[in-house]
Amino acid sequence: DAFGVLPPVSKLSPGQAMYHFISGYTAKVAGTERGITEPVPNFSACFGAAFLTLHPTRYAELLQDKMQKHGANAWLVNTGWSGGAYGTGERMSIKTTRRCIDAILDGSAAETDYVKDDAFGFDIPVALDGVDSHLLNPRNAWEDKGAYDATAKKLAGMFVKNFEKYDGPITQHGPRVD
């Protein structure tokens, strides 16, 4: 997330996993894409829209079925920015990302306490071993909380706009932009 508003790791409900899988969000950033000077959101259904032979909601239903059958949790891992958007914040460190993945794999991420993200609604761990708790909730990592709130609302709005083409019950698992 080049906007710096998604946490390094968050636990998703099955509905949220479906929503974010269908959204297929990433961001193009300067230095990795020719002609890009500021972050540009990119939504590609199921992270591979050009290759889908079925409607994206069908793949999301299959994901949900597999999660339920195997009792699997879904996690959203952000390897992008923290403390501000690209150009202001800092790239999420490899060490932080590895600690988040370790916590997922060893089960400790599933056993911790969470807070609910105001804009996106997913669960953010309050503490993970070896991860600066200041980074876990991205709002805490921003010096200018008003700028964070505005940027989070902007990105949430982009998700909502992108998802307009997928009318149905999965929409309720996306961000809120009141």
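Everything in this summary refers to the structure shown in the same document. A quick note: this is a predicted structure, and the numbers were derived from the prediction, not measured.

1. Notes on the packing of helix α1 (residues 14–23) against helix α7 (residues 145–163)
The axes of two packed helices give the description: the angle between them and the distance between them. It is the contact of α1 with α7, at a shortest axis distance of 10 Å, that shows an interaxial angle of 80 degrees. For the element pair α1 / α7, the angle class is roughly perpendicular. Together, Tyr19, His20, Ile22 and Ser23 of α1 and Phe159, Val160, Asn162 and Phe163 of α7 make up the contact between the two elements. Considering only residue class, the contact of α1 with α7 consists of 5 nonpolar, 3 polar and no charged.

2. Some thoughts on unusual backbone geometry
Positive phi is not limited to glycine here, since Cys46 has a value of about 55 degrees. In this structure, Cys46 sits in the loop between β3 (40–43) and α2 (56–70). Positive phi values are uncommon outside glycine, yet Phe47 reaches one of about 60 degrees. Along the chain, Phe47 falls in the loop between β3 and α2.

3. What about the nonpolar core?
Counting 39 residues, the largest nonpolar core has Val5, Tyr25, Phe120, Leu128 and Leu155 as the members making the most contacts within it. Where this core is concerned, the elements lending two or more residues are β1 (9–12), α1, β2 (25–28), α2, β4 (74–77), α3 (94–106) and α7. By residue number, the principal contributor to this core is α7, which donates 7 residues. With residues up to four places along the chain from it excluded, the contact list for Leu155 reads Asp1, Phe3, Val5, Leu6, Tyr25 and Phe120.

4. Observations regarding the pattern of salt bridges
All told, the structure shown has 4 salt bridges when counted by the stated rule. For Lys116, the salt bridge is made with Asp123, and the minimal N-O distance between the two is 3.0 Å. Judged by its relative accessible area of 53%, Lys116 is exposed. Note that Lys161 and Glu164 form a salt bridge whose closest N and O atoms lie 3.4 Å from each other. Each of the two residues, Lys161 as well as Glu164, counts as exposed.

5. Details of the side chain of Thr96
In this structure, Thr96 sits in helix α3. Since its relative accessible area comes to 8%, Thr96 is described here as buried. Look past the residues within four positions of Thr96 in its chain and what remains in contact with it is Pro8, Val131 and Leu135.

6. Quick look at the pairing of β1
The alternating pattern of β1 places Val9 and Lys11 on one face and Ser10 and Leu12 on the opposite face, and all of these are buried. Bridge analysis of β1 against β4 gives 4 bridges, and the strand direction is antiparallel. Directly across from Leu12, in β4, lies its bridge partner Ala74.

7. Looking at α2
Taking 1.5 Å of rise per residue, 15 residues should cover 21 Å, and α2 covers 21 Å from first to last C-alpha, within 8% of that figure. Residues Pro56, Ala60 and Met67 constitute the buried set of α2. Summarising the axial view, the buried residues of α2 lie within an arc of 40 degrees, below the 170-degree limit, and thus occupy one face. Exposed residues on α2 whose side chains face more than 90 degrees from its buried face are Lys66, Gln68 and Lys69. Packed against the buried residues of α2 are α1 and β4.

8. Observations regarding the packing of α1 against α2
The contact between α1 and α2 brings their axes to 9 Å, and the two run at 145 degrees. By crossing handedness, the relation of α1 to α2 is classed as right-handed. Residues Pro14, Ala17, Met18, Phe21 and Ile22 of α1 pack against Pro56, Thr57, Tyr59, Ala60, Glu61, Leu63, Gln64 and Met67 of α2. Looking at the contact of α1 with α2 residue by residue, the classes come out as 10 nonpolar, 2 polar and 1 charged.

What counts as what
- Residues numbered from 1 in each chain as written.
- Predicted model: local features only at pLDDT ≥ 70, side-chain atom pairs only at ≥ 80, totals over all residues.
- Heavy atoms only, no water.
- Axes fitted to C-alpha atoms, helices over the stretch in contact; angles between N-to-C directions.
- Helix = DSSP H or I, 4+ residues; strand = E, 2+ residues; numbered from the N terminus.
- Parallel < 35°, antiparallel > 145°, perpendicular 65-115°, else oblique.
- Contact = heavy atoms within 4.5 Å.
- Nonpolar A, V, L, I, M, F, W, Y, C, P; charged D, E, K, R; others polar.
- Core = buried A, V, L, I, M, F, W, Y, C linked by side-chain atoms within 4.5 Å.
- Buried < 20%, exposed > 50% of the residue type's maximum accessible area, 1.4 Å probe, protein only.
- Salt bridge = Lys/Arg side-chain N within 4 Å of Asp/Glu carboxyl O.
- Pairing = 2+ DSSP bridges.
- Expected span 1.5 Å × (residues − 1).
- Arc of directions from axis to C-beta.
- Left-handed = near helix turned anticlockwise from the far one by under 90°.

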